[in-house]
Amino acid sequence: MIICKNLSFSYAPNKKVLRNINLNLEDGKVGVLLGLSGGGKTTLLKCIGKNLTTYKGSISTDDNCRYISELPSFAEKLTGVEYLEMLLALGGSKTNDLVNKLIDSIGINRDLHNLIKDTSLYTRKVLILLSSICLDSNTILLDDPFNGLDRNSQLLVIKLINMLREEKKTVLLATNLTYYGFEIADELFLLHKGKIKRIPNGFENSIHYENSIMQLLMK
């Protein structure tokens, strides 16, 4: 669960990025945070994941909720398997089973035996996602998980997110690729000009959805 109440954040007195944000994402739901580049999506995720703590207002979430946007530098010298085994040592058997299930479902077992520095962008993004799961978090924060990936890899990321929903994980992902919100979101949140708007995902079709979202973003 993620609950933000009256959340505001500024990098400087005259640079207010988040303005009185109220957001509620229930356990086991997938929320998609939409917005233009530079609109504050990453800042909001960092506040929720405790990377930024000088905000005003309150945030409630899973104790193990973390904002992980990149792999640590030391991971470059490890294989994907070695990196995951290191993290899994901190989790339990249930976590181990879930990670193996996700890996098997998208067929990257062979890639994970390569050094991380030699793997594809897609494999790295999957490893970032798996990092939170290895650390036994019930709340997963994903920042631009589709960016830079080809369509096939993006669809595999969607498959992973849907599997996390089935496992009752709470997922909040931020993206400026608005069309993915319609496909995977239980809850849509539009962040625009520092303010957030909850949008029920009850659109008739993807065209209706995209037209409505773009109109809101252009205001």
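Residues numbered from 1 in each chain as written. Predicted model: local features only at pLDDT ≥ 70, side-chain atom pairs only at ≥ 80, totals over all residues. Heavy atoms only, no water.

Participant: So what's going on with the packing of aromatic side chains? Which residues, and what values?
Facilitator: The full count for this structure, using the stated rule, is three aromatic pairs. Taking the centre distance of 5.5 Å and the plane angle of 35° together, the rings of Phe 182 and Tyr 209 count as tilted. Of this pair, Phe 182 sits in helix α6 (residues 179-184) while Tyr 209 sits in helix α7 (residues 206-217); the two residues are 27 residues apart in sequence, bridging distant segments of the chain. Residue class for Phe 182 comes out partly exposed when judged on its relative accessible area of 26%. For Tyr 209, a relative accessible area of 0% puts it in the buried group. Judged by centre distance (5.3 Å) and plane angle (75°), the rings of Phe 203 and Tyr 209 are edge-to-face. Taking the relative accessible area as the measure of exposure, Phe 203 reaches 15% and is therefore buried. An aromatic cluster is defined as three or more aromatic residues linked by ring pairs; in this entry it consists of Phe 182, Phe 203 and Tyr 209. (Phe/Tyr/Trp six-rings, centres within 6.5 Å; stacked < 30°, edge-to-face > 60°. Helix = DSSP H or I, 4+ residues; strand = E, 2+ residues; numbered from the N terminus. Buried < 20%, exposed > 50% of the residue type's maximum accessible area, 1.4 Å probe, protein only.)

Participant: Run through the nonpolar core, naming residues and quoting values.
Facilitator: Leu 84, Leu 130 and Ile 133 are the most contacted members of the largest nonpolar core, which totals 49 residues. Of all the elements, helix α4 (residues 121-134) adds the most residues to this core, at eight residues. Those residues in contact with Ile 133 that sit more than four places away from it in its chain are Thr 95, Leu 98, Val 99, Leu 102, Ile 140 and Leu 164. If you look at the next biggest cluster of nonpolar residues, it comprises 24 residues, including Cys 4, Leu 33, Leu 44 and Cys 65. (Core = buried A, V, L, I, M, F, W, Y, C linked by side-chain atoms within 4.5 Å. Contact = heavy atoms within 4.5 Å.)

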